[in-house]
Amino acid sequence: IAQTLAAQIQAPFVHLNEETVQPEAVAMISGVLAHHHSCVPLRIEEDRLLVAMMNPFDLIALEDLQLSAGRFISPVVAPADEIRRALRRYYPQFVRV
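Residues numbered from 1 in each chain as written. Predicted model: local features only at pLDDT ≥ 70, side-chain atom pairs only at ≥ 80, totals over all residues. Heavy atoms only, no water.

Engineer: Run through the overall build of the protein chain, naming residues and quoting values.
Structural biologist: The secondary structure content of the protein chain amounts to five helices and three strands. Total accessible area computed for the protein chain in this model is approximately 5800 Å², and 53% of it derives from carbon and sulfur atoms. (Helix = DSSP H or I, 4+ residues; strand = E, 2+ residues; numbered from the N terminus. Areas by Shrake-Rupley, 256 points an atom, 1.4 Å probe, with all protein chains shown as cover.)

Below, the structure written as structure tokens:
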């Protein structure tokens, strides 16, 4: 589903298990915000933060992330189950019960 969505909106699609996640990128977004918007920051690219999201159309999420990181957000689409696993891995203190 995520791959089809990415193709339809011409957005990049990633598998998170194939991505290298920069600790500096993760540190730019709080665990609360990442869980709230179901997203995982992947890497810093010049003045942008590349973020894997389930819903790259969520304008509120994009604005919240941009304000928090102080950088433009470049969303990429990733499968929901991979985002949930990544959230547990990179923000374990914020795992929902």
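Engineer: Can you tell me about the sheet that holds strand S3 (residues 72–77), naming the residues and giving the values?
Structural biologist: With mixed pairing, the three strands of this open sheet are ordered in space as S1-S2-S3. Each edge of the open sheet is held by one strand with a lone partner, namely strand S1 (39–45) and S3. Here the average twist between neighbouring strands, direction ignored, is 30 degrees. For strand S2 (residues 48–53) and S3, the ladder comprises six bridges, and the chain directions are parallel. For Leu49, the partnering residue across the bridge sits in S3 and is Ile73. With respect to the sheet, helix H5 (residues 80–90) is in contact with S1 and S2, its orientation differing from that of S1 by roughly 75 degrees. (Pairing = 2+ DSSP bridges. Axes fitted to C-alpha atoms, helices over the stretch in contact; angles between N-to-C directions. Contact = heavy atoms within 4.5 Å.)

Engineer: Describe the environment of His15, naming the residues involved and giving the relevant values.
Structural biologist: Position of His15 relative to the elements: it lies in the loop between helix H1 (2–9) and helix H2 (23–27). Sequence spacing of His15 and Ile83 is 68 residues, and the spatial spacing of their C-alpha atoms is 9.2 Å. Sequence-distant contacts of His15, defined by excluding residues within four places in its chain, comprise Pro79 and Glu82.

Engineer: So what about the pattern of salt bridges? Which residues, and what values?
Structural biologist: Throughout the structure, instances matching the rule amount to three salt bridges. Two residues, Glu19 and Arg43, come together in a salt bridge whose shortest N-O distance is 2.7 Å. Residue Glu19 is found in the loop between H1 and H2, and its partner Arg43 is found in strand S1; the two are separated by 24 residues along the sequence. What makes Arg43 partly exposed here is its relative accessible area of 24%. (Salt bridge = Lys/Arg side-chain N within 4 Å of Asp/Glu carboxyl O. Buried < 20%, exposed > 50% of the residue type's maximum accessible area, 1.4 Å probe, protein only.)

Engineer: Report on unusual backbone geometry, specifying residues and quantitative values.
Structural biologist: Backbone geometry at Ser38 places phi at a positive 50 degrees, although glycine is not the residue there. By secondary structure assignment, the location of Ser38 is in the loop between helix H3 (31–37) and S1.

Engineer: Run through the environment of Cys39, naming residues and quoting values.
Structural biologist: Mapped onto the fold, Cys39 is located in strand S1. Taking the C-alpha atoms as reference, Cys39 lies 9.5 Å from Ile29; in sequence the two are 10 residues apart.

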